[in-house]
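Chain and residue survey
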Amino acid sequence: MKSLQFRRSPSPRTFSKVKGTRSYLFTAWTNPGKPSMGPVWACVEEMVAAPVESSEVDHRGFRYSESAHEVNDALDISCDVNFWATTHLGIEYLVIWELSKKFELAGTPTHTEGKVFFALKGLSFETLRALSRLRSVESLHVVCSGNCKISTSVLDLERMKPSALPGGLAAWTRALEITRAWRSMIGGGNACTGLPKFRVTGKRCGEHHFSSLDVARVTADGIVGELNWVPNLTDFELEVKAQVHHSDFTTGILLNHGLPLWSVALEASRALSGEEDDEAHSAPQRDLSYTPLKADIAYGLVVTGGVANAPCGSVVVDPMCGCGTVGEVAAPEFPQCFYLMGDTSKNVLKKAYRNRAGLPAHAARRIDIVRWDVTCLPLRPGAVDIIVTDLPFGKKVGNSMTVETLYPKALASFAKALSPPSMNQAVLLTGARKMLAMSVKRSAFVEMGTNNVSMGGMHVAMSRLKVSHDAAGTMSSEVLSWLGPQPPKVPPQIPPKSRPSAAEQPQTGPDASASLAVSPATNVHDAAGGGEVGSEGGARRHKTKWNSMKKKPSKKQAKQQARWEAKMAAHRAQESVAADLMLSQDAP
Amino acid sequence: MRLLTHNMLANNAKGVTKGFPLGLEVTAVETKEAEFNPDFLKKMVPKLEWGAFCEAAAVIGVTGFPTAVTPDLFEDEAFLKKFHNALLEVHVEEGVLICPESGRRFAINKGIPNMLLNEDEC
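Sequence order sets the numbering: in each chain, residues are counted from 1 along the sequence as written. Following the order in which they are written, the chains are lettered starting with A and the ligands numbered starting with 1. With the structure being a predicted model, the display of local features is reserved for residues of pLDDT at least 70 and the display and counting of side-chain atom pairs for 80 or more, all residues being used for whole-chain, interface and lining totals. In computing side-chain properties, one takes all heavy atoms of the structure into account and sets aside hydrogens as well as water.

**Structural notes on the overall build of chain B**
Numbering of helices and strands runs from the N terminus; a helix is a DSSP stretch of H or I covering at least four residues, while a strand is a stretch of E covering at least two. Across its full length, chain B holds 4 helices and 4 strands. Put simply, chain B runs from its N terminus to its C terminus through helices and strands in the order α-β-α-α-α-β-β-β. The C-alpha radius of gyration computed for chain B amounts to 15 Å, which stays within 12% of the reference 14 Å derived for 122 residues, consistent with globular compactness. With the principal axes as the frame, chain B shows a C-alpha extent of 50 × 30 × 20 Å. Classification of the 122 residues of chain B by burial places 48% in the buried group. Any two residues whose heavy atoms approach within 4.5 Å at even a single point are treated as in contact. Look at the contacts in chain B between residues 6 or more apart in sequence, and 66% of them connect residues 24 or more apart. Averaging the positions of the 12 positive and the 18 negative side-chain charges in chain B gives two centres separated by 3 Å. It is over C-alpha atoms that the radius of gyration is taken, and the globule rule equals 2.2 Å times the number of residues to the power 0.38. Working definition: with a 1.4 Å probe on protein chains only, accessible area under 20% of the residue-type maximum means buried, over 50% means exposed, and in between means partly exposed. In this tally, Asp and Glu contribute negative charge and Lys and Arg positive charge; neither His nor the terminal groups of the chain are included. A single reference atom marks each charge: NZ on Lys, CZ on Arg, CG on Asp, CD on Glu.

Below, the structure is given as structure tokens:
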């Protein structure tokens with residue numbers, strides 16, 4: 001039994017790894033040293049700081065009222081209903097922002113990694129429909145029980161039966177009613193009449209003496225025993241999620257079965273346009289490019305870029321639009337702006353064209369598509385207010401080399417387009433974070449903040465940039481230089497220290513070592529003058545420094561390099577002695 | 001492509017110093033009704049190059065715009081409607097954009113202008 005328990009507890013290594021990831025992801029936007037990220041962040045901070053009013057509210061903001069079971073046919077629930085939404089790790093702030101904008105929330109929403117817990121003041125069909133239109137949520141659960149504390153022991157887990165959980169059995173039947181209402185109205189999954197067929201998915205995070213399978217088993221046991229629902233692992237109507245997060249135990253029923261919620265929202269807006277053209281339910285599927293942007297992240301980009309608060313008549317540009325997800329997401333939500341989308345490839349523009357045609361008319365009329373090259377944007381300086389784009393990461397599209405040349409050129413053309421009369425904001429999504437940071441340093445942009453998002457396990461950065469107006473005049477020549485025929489990959493310059501020695505070196509005809517650039521020359525001088533070892537050392541130091549900036553060699557490589565350099569030095573010394581001899585022969 | 005987009009496009013090819021406004025040749029035009037929003041139009045006026053807009057509007061057949069916009073014109077419903085129609089409702093489906101300096105022609109197909117440059121041009 002002991003060994004079994006030992007095996008079941010998570011290894012400390014995995015645990016620390018998880019913890020490490022979390023702290024890494026969250027430092028960026030909880031760091032007080034960073035500049036403020038604008039109204040969205042301020043709004044979230046405000047909400048988090050708001051006091052909790054009622055004593056019934058638990059630490060997660062879940063609320064439990066006495067009149068738990070108040071469901072009738074019209075789905076008019078007057079008491080507070082708890083929900084639990086999941087999203088991409090890193091954009092929880094966005095979910096909270098969207099919720100507070102669209103709903104009347106009871107209390108303050110709380111969040112952990114990738115999950116947001118919130119309560120609504122009452123529920124009707126309209127609210128449910130609005131919930132299904134959430135743009136930033138991947139999956140939505142209606143909570144059955146929320147504020148239960150659990151210790152690490154198996155015995156404690158065994159106590160977790162539905163009747164023993166806060167809210168009791170009534171909370172479960174109410175959650176079932178809400179799920180039925182959702183299925184009948186929005187669809188997704190079966191209608192589930194009578195006793196529902198269900199399965200439980202258990203998830204566990206932290207150090208416990210039980211596994212996630214145990215969590216699922218105990219929950220399923222309780223449901224079968226007390227609610228008489230029918231367990232079925234393959235042909236199920238309800239998916240119950242049981243989750244243990246350190247000392248918290250939460251259960252909920254998944255509402256959107258199959259498709260992510262942001263996808264449901266996008267498809268719903270397309271179906272709407274179909275109805276307007278008298279072709280109800282015949283809206284074609286969205287056309288996706290090779291690396292499509294997920295709609296919730298697109299929404300995150302748009303909101304972080306300040307499109308939500310942009311004044312009427314702002315011009316938003318996505319210069320690398322792909323299949324046009326940014327426009328699709330933003331145009332129906334923020335119709336006060338005009339959207340200009342562009343890309344190089346004919347194929348993806350065809351997709352963007354078809355996707356735009358699927359949007360409701362009022363949104364589609366806000367988007368124009370142009371074919372252009374991002375390194376030479378054909379835009380009048382100052383015409384653009386906000387640039388929102390998903391850059392190629394150099395993984396699936398392009399490689400590290402193409403990204404290295406593309407980013408500086410793209411940033412230069414963005415800076416031109418965002419000249420003074422514009423709102424001057426850019427939000428870029430990239431997986432090649434270092435490359436973007438380097439390019440930003442060399443460009444006229446200043447980084448205002450970065451938000452880290454975990455996208456399918458890849459850590460990508462949402463960078464908010466502004467063109468620095470003071471530097472704009474002086475930078476423009478530099479900006480233009482990037483656009484010139486020379487790629488930005490400049491070979492290392494000869495350091496000024498070693499240059500005088502090269503200049504001092506007398507040009508005595510076809511010298512043996514004159515064709516080799518720096519070191520041989522210094523060597524000649526070295527052998528002749530005797531004392532100038534420092535300059536050569538300086539040159540080499542500089543060279544190695546530049547190399548280390550580019551890529552740090554491994555220990556083995558460094559050893560090999562040292563051996564090779566020693567060999568070369570010996571060779572050069574021999575050569576220089578020979579040259580010295582020749583010189584001395586010439587001199588008399 | 002609408003005139004709003006036309007007003008933002010310029011030829012930024014290498015060696016071209018004044019690639020704006022692009023000349024317009026139209027072979028097919030389509031009018032799609034768009035939501036009338038006076039506030040949007042008012043905010044759009046200072047962002048536009050008015051001269052370039054008037055020239056382009058004349059090409060698509062909407063004439064009679066004043067040479068400069070004064071605040072009292074925003075009260076004029078007829079002006080706003082005409083402005084709205086020319087700026088947002090008329091789509092140039094087929095045509096050509098022409099650079100004023102180099103004479104480079106950019107084709108418009110299905111309402112999408114192809115602003116790609118050859119390798120030696122950018």
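Right, picking up where we left off after that structure.
**Some thoughts on the sheet that holds strand β3 (residues 115–123) of chain A**
Residues and elements named next belong to chain A. Two strands make a pair as long as DSSP finds a minimum of two bridges between them. Here 8 strands make up an open sheet; going across it, the order is β2-β3-β1-β4-β8-β7-β5-β6 and the pairing mixed. Two strands in the sheet have a free side with no partner beyond their single neighbour: β2 (110–112) and β6 (230–231). As defined by bridge partners, strand β1 (residues 77–86) adjoins β3 across 8 bridges and the pair is classed as antiparallel. Bridged to Val81 within β3 is Leu120.

**Details of the confidence of the model for chain A**
The predicted coordinates should not be examined in detail at positions where pLDDT is low. Residue and element names in this part refer to chain A. The predictor rates its confidence in each residue with pLDDT, a number between 0 and 100. In this model, chain A carries an average pLDDT of 74, and 67% of its residues clear a pLDDT of 70 or more. Here residues 1–73 scores under 50 on pLDDT; set against residues more than four positions off or in separate chains, the count is 124 contacts. Of the regions scoring below 50 in pLDDT, residues 471–492 engages in 22 contacts with residues more than four places distant in sequence or in other chains.

**Observations concerning the pattern of salt bridges**
Salt bridges, as used here, are contacts in which a Lys or Arg side-chain nitrogen is within 4 Å of a carboxyl oxygen on Asp or Glu. The tally for this structure, following the rule as stated, stands at 18 salt bridges over all chains. Between Arg354(A) and Asp287(A) there is a salt bridge; the shortest N-O distance is 2.4 Å. Here Asp287(A) lies in the loop between α9 (261–276) and α10 (295–304) and Arg354(A) lies in helix α12 (residues 346–358), a separation of 67 residues in the sequence. In this structure, the salt-bridge partner of Arg104(B) is Glu121(B), at a minimum N-O distance of 2.7 Å. One end of the pair, Arg104(B), is in the loop between β2 (90–98) and β3 (105–109); the other, Glu121(B), is in the segment after β4 (112–113), and 17 residues separate them in sequence. By sharing partners, the salt bridges in this structure join Glu98(A), Lys102(A), Arg135(A) and Glu333(A) into a single network.

**What about the pairing of strand β9 (residues 315–318) of chain A?**
Residue and element names in this part refer to chain A. Across the two faces of β9 the burial is the same, with Val315 and Val317 and Val316 and Asp318 all buried. The pairing of β9 with strand β10 (residues 338–343) spans 4 bridges and is parallel. Bridge pairing in β10 places Asp318 opposite Met341. Seen with its strands pointing away from the viewer, a crossover is right-handed if its path from the first strand over the helix to the second goes clockwise. Once the chain exits β9 it traverses helix α11 (residues 325–333) before rejoining the sheet at β10, and the crossover so formed is right-handed. Pairing of β9 with strand β12 (residues 386–390), which is carried by 2 bridges, proceeds in the parallel orientation. Each residue of the ladder has a partner; that of Val316, found in β12, is Ile386.

**Digging into the interface of chain A and chain B**
With 29 residues of chain A at the contact, the number on the chain B side is 34 residues. Between chain A and chain B, a total of about 2800 Å² is buried, with carbon and sulfur atoms accounting for 58% of that surface. Between Arg380(A) and Glu49(B) there is a salt bridge, and its shortest N-O distance comes to 3.5 Å. The term polar contact refers here to a pair of N or O atoms within 3.5 Å; inside protein, the definition further demands a hydrogen-donor-capable atom paired with an acceptor-capable atom, and it admits residues adjacent in sequence only when both atoms are side-chain atoms. Across the chain A-chain B interface, the total number found is 14 residue pairs in polar contact (both at pLDDT 80 or more). With 5 residues, the single largest contributor to the side of chain A that touches chain B is strand β11 (residues 367–371) of chain A. By convention, the term buried area covers the 1.4 Å-probe accessible surface removed from two parts as they join, with the contributions of both added.

**Structural notes on helix α5 (residues 125–132) of chain A**
Restricting attention to buried positions, one finds in α5(A) the residues Thr127(A), Leu128(A), Leu131(A) and Ser132(A). Mapping the buried residues of α5(A) onto a view down its axis gives an arc of 140°, with all of them on the same face. Picture the helix axis, draw a direction to every C-beta atom, and the arc is the one those directions span.

**Regarding the nonpolar core**
Core analysis: the largest hydrophobic core is formed by 73 residues, its most contacted members being Leu379(A), Phe414(A), Phe445(A), Phe65(B) and Phe83(B). It is helix α14 (residues 400–417) of chain A that contributes the most residues to this core, 8 residues altogether. Setting aside residues up to four positions removed in sequence, Phe65(B) forms contacts with Trp50(B), Phe53(B), Cys54(B), Ala57(B), Phe79(B), Lys82(B), Phe83(B) and Ala86(B). Definition of nonpolar core: a set of buried residues of the types Ala, Val, Leu, Ile, Met, Phe, Trp, Tyr and Cys, connected through side-chain atoms within 4.5 Å. Core analysis: the second largest hydrophobic core is formed by 49 residues, Leu123(A), Leu157(A), Trp172(A) and Ala242(A) among them.

**Let's talk about the environment of Phe393(A)**
Residue and element names in this part refer to chain A. As for its placement among the helices and strands, Phe393 is situated in the loop between β12 and α14. Judged by relative accessible area, Phe393 falls into the buried class, the value being 14%. It is 32 Å that separates the C-alpha atoms of Phe393 and Thr110, two residues lying 283 residues apart in sequence.

**Some remarks on the side chain of Glu98(A)**
Relative to the helices and strands, Glu98(A) is located in helix α4 (residues 92–102). Each residue touching Glu98(A), except ones within four places of it in the same chain, is listed here: Arg133(A), Leu134(A), Arg135(A), Ser136(A) and Tyr299(A).

**Comments concerning the packing of α10(A) against α11(A)**
Residues and elements named next belong to chain A. Angles shown run from 0 to 180 degrees and are taken between the N-to-C directions of axes, each axis being a line fitted to C-alpha atoms and, for helices, limited to the stretch in contact. Interaxial distance between α10 and α11 falls to 9 Å at its minimum, and their mutual angle equals 65°. The way α10 lies across α11 gives a crossing that is right-handed. Between α10 and α11, the residues in contact are Ala295, Ala298, Tyr299 and Val302 and Thr325, Val326, Val329, Ala330 and Glu333, respectively. Along the lines of polarity and charge, the residues of the contact of α10 with α11 split into 7 nonpolar, 1 polar and 1 charged. Handedness of a helix crossing follows the sense of rotation of the near helix relative to the far helix, less than a right angle counterclockwise being left-handed and clockwise being right-handed. Residue type decides the class: Asp, Glu, Lys and Arg count as charged, Ala, Val, Leu, Ile, Met, Phe, Trp, Tyr, Cys and Pro as nonpolar, and the leftover types, Gly among them, as polar.

**Here we look at the packing of aromatic side chains**
Residues and elements named next belong to chain B. Any two rings among Phe, Tyr and Trp, with Trp reduced to its six-membered ring, count as a pair given centres within 6.5 Å; such a pair is stacked if its planes are under 30 degrees apart, edge-to-face if over 60, and tilted if neither. Under the counting rule described, the total for this entry stands at 13 aromatic pairs over all chains. Plain terms: the ring middles of Phe53 and Phe83 are 5.3 Å apart, the flat faces sit at 85° to each other, and that makes the pair edge-to-face. Linking Phe53 in helix α3 (residues 50–59) with Phe83 in helix α4 (residues 77–89), this pair joins segments that are 30 residues apart in sequence. With a relative accessible area of 0%, Phe53 lands in the buried category.

**A look at unusual backbone geometry**
Cis rather than trans, the peptide bond between Phe20(B) and Pro21(B) has omega equal to -5°. Considering the arrangement of structural elements, one finds Pro21(B) in the loop between α1 (3–6) and β1 (23–31). Despite not being glycine, His246(A) shows a phi value in the positive range, around 55°. When you line up the elements, His246(A) lands in the loop between β7 (238–245) and β8 (248–254). On the basis of relative accessibility, which here comes to 28%, the residue His246(A) falls in the partly exposed class.

**Brief notes about the pairing of β8(A)**
Residues and elements named next belong to chain A. With 7 of its 7 residues buried, β8 lies for the most part within the structure. Both strand β4 (residues 139–149) and β8 contribute to a ladder of 6 bridges, which runs antiparallel. In the sheet register, His141 faces β8, and the bridge partner there is Leu254. Pairing analysis gives 6 bridges linking β7 to β8, with the strands arranged antiparallel. For His245, the partnering residue across the bridge sits in β8 and is Asp248. The loop that links β7 with its antiparallel partner β8 comprises 2 residues; one of these, His246, has a positive phi angle of about 55°.

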